[in-house]
Amino acid sequence: MAQSPGIGSERFRLGFRDTLRILAPYARRNFMEQISGIWFIVTYLLLFQIFILKLPIVYAVMIAVGILIVAFGLMFFMEGLRLGLMPLGEVIGSVLPRSSAMPVILLFAFLLGVGATFAEPAIAVLKAAGSGVQAADAPLLYSLLNDFSGQLVSAVGVGVGLAVMLGVLRFFHAWPLKYLAMPAVALLLMLSLGFARVPVLNDVLGLAWDCGAVTTGPVTVPLVLALGIGVCRVVSSGSGSGGHSGFGIVTLASLFPILAVLLLALFHYVSQDYYGAEAYAGAPVVAAANSAAEPVPVRSGETQVRHPITDTEFERYQRTGQLPPRHEVTYDAGAATLRDGRIYLDAPALIISKSDHRPVTFVSAERWDASTPLVAQLKQACVEALRAIVPLCLFLYFVLRFVLRQRLEHGQDVAVGVAFALAGMALFGLGIALGLTPLGGQLGSNIPLAFAEIVPWGSSEPEAALFPVGEWGKVLAVIFAFFLGYGATLAEPALNALGDTVERITVGAFRKKLLMQSVAMGVGLGIGAGVIKMAYNLPLISLLAPAYLFVLYLTWRAPHSFVNFGWDSAGVTTGPITVPLVLAMGLGIGANVPGVSDGFGILALASVGPIMTVLAVGLFTQRREQAARAAEAVSDDSDLVEAEVTA
Amino acid sequence: MKAATQSYATVSAISPTRNANEMIDSVLKRDGASALVWKARGTLVRDHWRSRWLPAVSPARTMVQMLVPESSANAVVTDLVQAGRLDLQATGAVFSTPCQQLLTGSRFRLWPDQSSGPQQAPDAVKDSLQIIFCIVAHAAGERVSKAAMDAGAHGPIVYYCEGRGLRDRLGWLRITKENEKEVLLVMADTADVDEVFSAMAKAGQLHLPGRGFMYRMPVTAGLYNLPSRVSHHHYEANMQQVINAIDHLAGHTHWRDQGSVDLGEGRGAGIDMLARYGAVLEDQRAVTAYVSRDDSAAVMELLLDGGAPGLNVHHARFVGKQQDAERMGALVNHEYTVLRCITEATVAEGLLDTLQTSCSERGVEDLCVVSQEVPKVATYVPGTRNFRGRAA
């Protein structure tokens, strides 16, 4: 490509005001787009906490600031994807097949997959989910998370690498995604059913299936999508109903790590070197106390007074006859006897106690968590952003420049885009730490209040359950979980990028809104199912297996393009917004249900849901198209008649 | 670059993706034939309340375009109509527009002249059509489509293009440009076209700055059978069954032609609203460059520096007989970039001259430039309306 000095040698000279006039609508448009993505989840969480759980918002100001930062961060990040990362991926994807041999392409794809895994490590998330795991309860799981965590990440990395490789190979041969995904899922299901029969291996299932959901992050997904689109632009698959849309890598990248982790677990099971087994090398660990799983102080509501009247209040009462505000009077009648047809109460007692009604406050007195190390968090967010973006971009640029020997056409734009993505990612991380994590953490740990007595987040006194008896509390928790999943998914940056790409690739035939809504519904359903699983301590496989069997059926029936979108969106859904919210909730619920020690499995269920809903939408539209085609078949007949008439 | 010795026409066809391959095959049977292929979509406006929340999936379409010697244009159109079965209801459209001038680089594969096949197009193909191209932002696309359909046109065919030119001259501020615009294609009878044109111009508010651009071209041979409005999901099938029943009874499909009264000179029975419409330019030229994608940046630069006010750009896949290189069992595409600008006749001449001299100097040989007549344009024109001062 000839180096171009830039289009339009005559540049417009713009003053400061004109610059602002151009920038302001641009910034406003992008900012409002992000606001429209996150308003639902934020409003929903706030309203739920205040009006349904009737608890005040703790650290309200900090959360507000954090959410504003999230919106700004997303704005920059999405623009960065559009300007920088996706063009970079697409250019490489389109140049690679023309100028390299197959082994080079496959090696590149493998390295990209491995690199992406290490850039956005899911291990932190998985460790958080497994923070309540006790070595004695689930030895193999404990060992995988602690002793073999390096191997775990490597296994996931290799899985993703192989997946990207196979995904690219698939484009060349135009294999339909159906025929890759269906056997893979069948294999995974069979392995999982086998695992479920062995207690030690059974513990690992949740971890393995969650790995698949977690691996693909907001940087990897757009990059890999763009790469696929670039490859498919150049490689034509003839009539190709299968490969040539550019999707599908994400799907494989969320299936293969599951397999990798299952195999890793099997290996350690066979070689018996996990915690407590014969060949265990690590030091036996004393079970560490866990904050999330800390037992809730159990009080018997009968004997203990929740809000005792203090001595000073009593003294004041004796002095002035003034009772504390909001009190209630009950009387204890003692023994009642029936004499001469009348009930006699001997020695009745009037009891004055403070009433249980809390004052409804919207915002707690604690506006800002002073213990939050702002600088340290900013630093951490920056480091994470750098780690997620810079090595991958450098790798891509290096490949483009020195392996493919190509110049970047819009080099400056791409550089601006990468800078935007970096700034956006850093801001986004900071905003999540300040705003969404405290908000989601509060709600997540407060939601068991629906069915159990807990100490609310940031408070010191326990509160009574909203529905102390019966199943209504759990139903409420499930409904909450549905909308939590729905709202968080709409805000997910990777899914937004996927939606934009789908709309662009189908020339607007498949709207982003349709994809987002159906995926969000699916995630909501999945997370709801996950809460049911935790609240009743069901085995994961009993929910996963039927769900995936149904998905297999839908996949077999659905049109190819929907198979691509549906499966890809499954891998995308669990990102930086959903995961903290869902994990907080999962751990909160798990801590209040006896026998549940880890938060695994919810994310796995959250990625089955969208496959189901998107494929269902696909089947629905296909039915309509078939109706239209049937009508066309009638016109074929008329054509024949016409031919006969003219003949 | 050299000018073509005989006259050429561009033939474009739109069909559902599953019919497109047959159409392409029918074209490629000819010697030296080639075509450009890109993706488009149809328009489906459903009047359900729920479609606002869960939008309908529009039908995918494929667009095929080729530069054909005018002598065989009718034959190609006939082939396309037969292969794509375009005379059936709700299948697609085909149209050919004449070129005024054509320049080709030495490496561009132009169709050779071959006056084979029927000179007469089938009866269903009309010579009294016009094609409207309307380029607007995504947000306005739906509104303009609706307006066109309300004015009696079919559901527009839409493809994406990139608007280049203005914001590229802003330095680093060029990041503010929206990536893609929608190109809406609407065909209408010459007698009806003014009404559709002005309805679309109004709906898109094209007299305001930055809203979009619309122009139309005469069609020498064209046919469209595109669905328009679907109000209920049973409606589509039922309406087609009714139409087919009438076809049976009548024994032909001529009755489907809309009965517009042609009053001569392209005026139909109806009110010409465009006469009162301000921002309209007449007698312009469309300059279209088909360039190998690798060289597109250089040509874009030449066009913009040569005085093109702005370009709309999209990419297309090249299909030819032995043109696709086989690699590792898969075909490797050759991509072309289509750059088009609409400008005054004098500027268009200048652009052609610039390209003719400069392209060879820069070693850009795989390109073809076409200029076509554009009788009417609607866009914001500085100094005519809603503008504070007259442009210098």
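What to know about the overall build of chain A
Inference 1: When you go through chain A residue by residue, the secondary structure sums to 21 helices and five strands.
Inference 2: Here chain A holds 647 residues, and 49% of them are scored as buried.

Notes on the overall build of chain B
Inference 1: When its secondary structure is counted, chain B shows seven helices and 17 strands.
Inference 2: Counting only residues that meet the buried cut, chain B has 51% of its 392 residues in that class.
Inference 3: Within chain B, residue pairs in contact and separated by at least 24 positions form 83% of the contacts whose partners lie at least 6 positions apart.

Focus on the pairing of strand β2 (residues 8-16) of chain B
All names here are of chain B.
Inference 1: In terms of burial, β2 is a largely internal element, eight of the nine residues being buried.
Inference 2: Note that β2 and strand β4 (residues 60-69) share nine bridges and pair antiparallel. Of the residues in β4, the one forming a bridge with Tyr8 is Pro69.

Observations regarding the packing of helix α1 (residues 16-52) of chain A against helix α14 (residues 411-446) of chain A
Two packed helices can be described by the angle between their axes and the distance between those axes.
Residue and element names in this part refer to chain A.
Inference 1: Contact pair α1 / α14: the axes reach a minimum separation of 10 Å and the direction vectors enclose 45°. Overall, the two elements α1 and α14 adopt an arrangement that is oblique. Crossing handedness for the pair α1 and α14: left-handed. Facing Leu45, Phe48 and Gln49 of α1, the residues of α14 in contact are Leu439, Gly440, Gln442, Leu443 and Asn446.
Inference 2: Class assignment of the residues belonging to the contact of α1 with α14 gives a composition of four nonpolar, four polar and no charged.

Comments concerning the nonpolar core
Inference 1: Of all hydrophobic cores here, the largest spans 312 residues; its most connected members are A:Val164, A:Val261, B:Ile132, B:Val196, B:Met200, B:Met214 and B:Leu303.
Inference 2: For this core, the element with the most residues is helix α2 (residues 60-99) of chain A, which contributes 21 residues.
Inference 3: Excluding anything up to four places from it in sequence, B:Ile132 contacts B:Val186, B:Ala188, B:Val193, B:Val196, B:Phe197, B:Met200, B:Met214 and B:Arg216.

Let's talk about the confidence of the model for chain A
Residue and element names in this part refer to chain A.
Inference 1: When pLDDT is averaged along chain A, the result is 80; 85% of the residues meet or exceed 70.
Inference 2: Note on residues 239-243: pLDDT under 50 across the span, and 15 contacts to partners over four residues away in sequence or across chains.
Inference 3: Overall, residues 634-647 carries pLDDT values under 50, and its contacts beyond four positions in sequence, including any with other chains, amount to 16 contacts.

So, the environment of B:Tyr160
Inference 1: Mapping B:Tyr160 onto the fold places it in strand β8 (residues 157-164).
Inference 2: Judged by the 22 C-beta atoms lying within 10 Å of it, B:Tyr160 is buried.
Inference 3: Between the alpha carbons of B:Tyr160 and B:Ser15 there is a distance of 16 Å; along the sequence they are 145 residues apart.
Inference 4: Non-local contacts of B:Tyr160, meaning those with residues more than four positions away in its chain, are made with A:Val507, B:Glu180, B:Glu182 and B:His314.

A look at the pairing of strand β5 (residues 349-354) of chain A
Residues and elements named next belong to chain A.
Inference 1: Within β5, only zero of the six residues are buried, leaving the element largely exposed.
Inference 2: Taken together, the six bridges between strand β2 (residues 327-332) and β5 define a ladder with antiparallel strand orientation. What sits directly across from Tyr331, in β5, is Leu350.

Some details on helix α1 (residues 17-28) of chain B
Inference 1: With twelve residues, α1(B) should cover 16 Å at 1.5 Å per step; its first-to-last C-alpha distance of 17 Å lies within 8% of that length.
Inference 2: The inward-facing, buried residues of α1(B) abut β2, β3 (34-41), β4, α2 (70-83) and β13 (311-320) of chain B.

Regarding the packing of α2(A) against helix α10 (residues 220-234) of chain A
Residues and elements named next belong to chain A.
Inference 1: Where α2 meets α10, the closest approach of the two axes is 7 Å, and the angle between their N-to-C directions is 40°. With respect to their mutual orientation, α2 and α10 come out oblique. Along this stretch, α2 crosses α10, giving a crossing that reads as right-handed. Only Pro222, Leu223, Ala226, Leu227, Gly228, Ile229, Gly230, Val231, Arg233 and Val234 of α10 make contact with α2, whose side of the interface consists of Leu81, Leu85, Met86, Gly89, Glu90, Val91, Ile92, Gly93, Ser94, Leu96, Pro97 and Arg98.
Inference 2: Of the residues that constitute the contact of α2 with α10, the class distribution is 14 nonpolar, five polar and three charged.

Some details on the environment of A:Leu392
Inference 1: Mapped onto the fold, A:Leu392 is located in helix α13 (residues 374-403).
Inference 2: Discounting residues that sit within four places of it in the chain, A:Leu392 has contacts with A:Gly115, A:Ala116, A:Ala119, A:Val219 and A:Leu223.

Structural notes on unusual backbone geometry
Generally, phi is negative for residues other than glycine and the peptide bonds are trans, each holding for most cases.
All names here are of chain A.
Inference 1: One non-glycine residue with positive phi stands out, namely Tyr59, at about 60°.
Inference 2: The residue Tyr59 is located in the loop between α1 and α2 in this model.
Inference 3: Phi at Asn537 is positive, roughly 50°, even though this residue is not glycine.
Inference 4: Tracing the backbone shows Asn537 in the loop between α17 (512-535) and α18 (540-557).

Description of the environment of B:Thr10
Residue and element names in this part refer to chain B.
Inference 1: In this structure, Thr10 sits in strand β2.
Inference 2: Measuring from C-alpha to C-alpha, the distance between Thr10 and Val370 comes to 9.2 Å, with 360 residues separating the pair along the chain.
Inference 3: Those residues in contact with Thr10 that sit more than four places away from it in its chain are Gln65, Leu67, Ser96, Thr97, Cys99 and Val370.

Structural notes on the confidence of the model for chain B
All names here are of chain B.
Inference 1: In this model, chain B carries an average pLDDT of 79, and 78% of its residues clear a pLDDT of 70 or more.
Inference 2: Of all helices and strands in chain B, the one with the weakest mean pLDDT is strand β14 (residues 325-327) (60), whereas strand β7 (residues 129-136) scores best (93).
Inference 3: Listed scores for the predicted complex are pTM 0.82 and ipTM 0.79.

What counts and how
- Chains are numbered independently. Their residues run from 1 in the order of the written sequence.
- The lettering of chains begins at A and the numbering of ligands begins at 1, in the order of writing.
- For this predicted model, a pLDDT threshold of at least 70 governs which residues receive local features, and a threshold of 80 or more governs which side-chain atom pairs are given and counted, while totals over whole chains, interfaces and linings are taken from all residues.
- Here a strand is any run of E in DSSP of at least two residues, a helix any run of H or I of at least four, and the numbering for each starts at the N terminus.
- Here a residue counts as buried when 20 or more other C-beta atoms sit within 10 Å of its C-beta, as exposed when there are 12 or fewer, and as partly exposed otherwise, the C-beta atoms being derived from the backbone.
- Here, residue contact means that the backbone-derived C-beta atoms of the two residues sit within 7 Å.
- Strands pair, by our definition, only if DSSP identifies at least two bridges between them.
- With axes taken as lines fitted to C-alpha atoms, and helix axes fitted only over the stretch in contact, angles between N-to-C directions fall between 0 and 180 degrees.
- For classification, angles of less than 35 degrees are called roughly parallel, those exceeding 145 degrees roughly antiparallel, those between 65 and 115 degrees roughly perpendicular, and all remaining angles oblique.
- Handedness of a helix crossing follows the sense of rotation of the near helix relative to the far helix, less than a right angle counterclockwise being left-handed and clockwise being right-handed.
- All amino acids are sorted into three groups, where Ala, Val, Leu, Ile, Met, Phe, Trp, Tyr, Cys and Pro are nonpolar, Asp, Glu, Lys and Arg are charged, and the leftover types, Gly among them, are polar.
- We define a nonpolar core as a collection of buried residues of the types Ala, Val, Leu, Ile, Met, Phe, Trp, Tyr and Cys that are connected via C-beta atoms lying within 7 Å of each other.
- The score called pLDDT rates the predictor's confidence residue by residue, from a low of 0 to a high of 100.
- One less than the number of residues in a helix, times 1.5 Å, gives the span that helix is expected to have.

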